[in-house]
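Listed below are the residues making up each chain.
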Amino acid sequence: MLEANCRPQKLAELNMLFQVIALANHNNNDTAGLPPETALGMAQSLRNTLNLSHRLCVSIPMVVLTQGLGAEPLKKKKRIDPMIIRQKEERRKKKIEKMIRRLEKNAGQLKPIDELEVPHALMQQMDIRKRQEVPISEEVAEQRAQLAKQWCHYKFEQHQVEVTMLKKIMVARDQALEELRQESEDLWLEAIQVDPALLPFRAKGPVATPPIKDYDTPDGEYYNITKKWD
Amino acid sequence: MAFVLRGSARALQAAAHHITPRSMSSVAAGKWQIVGSACITRPPVVCPPMTPLEQQYSEMITAIEEENSLKSDHEIRAEQDRINLEIMKTGEADELDLEEASKQTAIEFEDSCLEELKSFKTTHLDKVNPEVKDVKSINRALERSLVLVVKQKLGTSEEWVFPHTPWQPGETLRQTCERLVQETCGNDLKVKFLGNAPCGFYKYKYPKTVRKEGFIGAKVFFYKCQVRNKDGPITPGTNIVDHQWLTQDELDTRFKQSYAKSISKFLVSDR
């Protein structure tokens, strides 16, 4: 009775399982898993066993998947001689101390900046390089003072024009925003948002000469002559 | 002052976040039609020439600097040459190395430099270049800032204005202007918009016969943008009859008086 009830059910289950295995192997036979022939063979042999079991009325154990065995047995801890440990630590300490000493020794010394130092050869030629002082006539001095005053005035006016212009522009913007608000509150809200893409604002020019159209910059060579300082 | 400004800006931002936007179209369909307009500027490329005062001052500074300077290698060499020449004249040339005498003197060096300078051709856009006079070219008047002015149909007549287009529901005014720049100039002209806020406005009434859809007139909001990159020729859109790149002095001759007045309020003068 039991046999009649159970067996066809298990049979169907197992058949399905074999189909799944075969399908899986067929799908990724390139990468991993068994080649399809093996799967087929396996299915065949299992079916044979099943037939056998059918005849012998032996129950088949279900296929059980064990859990992954990723871990490996723990390694035995190595015992190191305490003397060696102490030596190692001392060596490290000495190394650090040496570095500190070296840093302290160089602390007062700054890296020289070649560009800021007058070459020695020039300092020696100082007396022949000095220009003869030409006395400035009173007329010229007066003219220069006048010009400096004019210049100050000119720059001040330029500044004032700039400031008033900026104020005017700001007033115009505020008026425009106010008009916009009267028409549409939503558009106004959009308009007063901060524009994150605006900054940083980069602009080039104006320059002394206009850029040459389609200019092909010649490749140059450069040598890095920067000295290295430790 | 800065603190107050920052505080108010934050308050505005907070307000912007909390107020849920109502449906755009219902709000904007007031009595005035909202129009976005782009003020496309090409900043000056080349420094303008110096004014007479600037010229004088720069000359003075150069003179003072030269008085205070030390002699250069070249000057010392010229002096040495002069001494050598005098020795040669007195007939004690045998004391000097003959090789030394055959070398190029400082004055000769100067002359050759001047000659080289004469033969050097500058690549300035000079007066011979047709682009200088062509008002349609973006490369004219390099030392001035230029604005793009187009001839657009306004009702029945055609008028010189900044490019403009009506605002469409669903976009912000800045987006309207970005779309406008693309429609007017194509994709080759890259511009940078200066902020989200309009820089100026101009409103005018429609003639009574044309007042459709309940609009009594248009409010034009201007947005400033700068030309960043021009890859190719500008291809004007279909709604544009003509276009010109003009300096600010030339604008008044093209525009209506009231339009020119509202424009002048926000333009950065380059004079």
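Given the structure is predicted, the values throughout are model-derived calculations rather than measurements. (Residues numbered from 1 in each chain as written. Chains lettered and ligands numbered in written order. Predicted model: local features only at pLDDT ≥ 70, side-chain atom pairs only at ≥ 80, totals over all residues. Heavy atoms only, no water.)

A. A look at the packing of aromatic side chains. Counting across every chain of the model gives twelve aromatic pairs over all chains. When the centroid spacing of 5.6 Å and the interplanar angle of 35° are considered together, the rings of A:Trp151 and A:Tyr154 count as tilted. Of this pair, A:Trp151 and A:Tyr154 both sit in helix H6 (residues 138-183), three residues apart, roughly one helical turn. Connected via pairs of aromatic rings, a cluster forms that spans B:Phe162, B:Tyr202, B:Tyr204, B:Tyr206, B:Phe222, B:Phe255, B:Tyr259 and B:Phe266. Over the face of the ring belonging to B:Phe109 we find B:Arg77, whose NZ or CZ atom lies 5.7 Å from the ring centre. (Phe/Tyr/Trp six-rings, centres within 6.5 Å; stacked < 30°, edge-to-face > 60°. Helix = DSSP H or I, 4+ residues; strand = E, 2+ residues; numbered from the N terminus. Lys NZ or Arg CZ within 6 Å of the ring centre and 35° of its normal.)

B. Quick look at the pattern of salt bridges. Here the structure, examined in full by the defined rule, presents 15 salt bridges over all chains. Put simply, A:Asp174 and A:Arg173 hold a salt bridge, and the shortest N to O gap is 3.2 Å. According to the relative accessible area criterion, A:Arg173 is partly exposed, its value standing at 33%. A salt bridge links B:Arg174 to B:Glu178, with the shortest nitrogen-to-oxygen separation between them at 3.0 Å. Of this pair, B:Arg174 and B:Glu178 both sit in helix H7 (residues 173-185), four residues apart, which is roughly one turn of that helix. Using a relative accessible area of 34% as the deciding quantity, one classes B:Glu178 as partly exposed. (Salt bridge = Lys/Arg side-chain N within 4 Å of Asp/Glu carboxyl O. Buried < 20%, exposed > 50% of the residue type's maximum accessible area, 1.4 Å probe, protein only.)

C. Representation of the interface of chain A and chain B. Counting from both sides, the interface comprises 50 residues of chain A and, opposite them, 65 residues of chain B. Carbon and sulfur atoms supply 63% of the area that chain A and chain B bury against each other, a total of about 5,000 Å² over both sides. When the buried area of chain A at its contact with chain B is split by residue, A:Arg129, A:Arg131 and A:Glu183 rank highest and sum to 15% of it. Linking chain A with chain B are seven salt bridges. Note that B:Lys219 and A:Glu179 form a salt bridge whose closest N and O atoms lie 2.6 Å from each other. On the surface where chain A and chain B come into contact, there are 18 residue pairs in polar contact (both at pLDDT 80 or more). Of all elements in the fold, only helix H5 (126-129), H6 and helix H7 (185-191) of chain A reach the threshold of two or more residues within the side of chain A that touches chain B. In terms of residues, the side of chain A that touches chain B owes the most to one element, H6(A), which gives 19 residues. When the residues that make up the side of chain A that touches chain B are grouped by side-chain class, the tally is 30 nonpolar, seven polar and 13 charged. (Contact = heavy atoms within 4.5 Å. Buried area = accessible area lost by both parts, 1.4 Å probe. Polar contact = N/O pair within 3.5 Å; in protein donor to acceptor, adjacent residues only side chain to side chain. Nonpolar A, V, L, I, M, F, W, Y, C, P; charged D, E, K, R; others polar.)

D. Expanded view of the confidence of the model for chain B. Residue and element names in this part refer to chain B. Per-residue confidence for chain B gives a mean pLDDT of 78, with 77% of residues at or over 70. Looking over chain B, one finds the lowest element-wise mean pLDDT in helix H2 (residues 24-28), namely 43, and the highest in helix H3 (residues 52-68), namely 93. Within the model, pLDDT remains below 50 along residues 1-30, and this stretch shows 25 contacts once partners closer than five positions in the same chain are excluded. (pLDDT = per-residue confidence, 0-100.)

E. How the structure looks around a nonpolar patch on the surface. Judged by side-chain polarity, A:Ile80, A:Met83, A:Ile84 and A:Ile85 come together as a nonpolar surface patch covering roughly 370 Å² of accessible area. Position of A:Met83 among the secondary structure elements: in helix H3 (residues 82-105). (Patch = residues over 30% accessible without salt bridge, like charges linked within 9 Å, V, L, I, M, F, W, Y side chains within 5 Å. Areas by Shrake-Rupley, 256 points an atom, 1.4 Å probe, with all protein chains shown as cover.)

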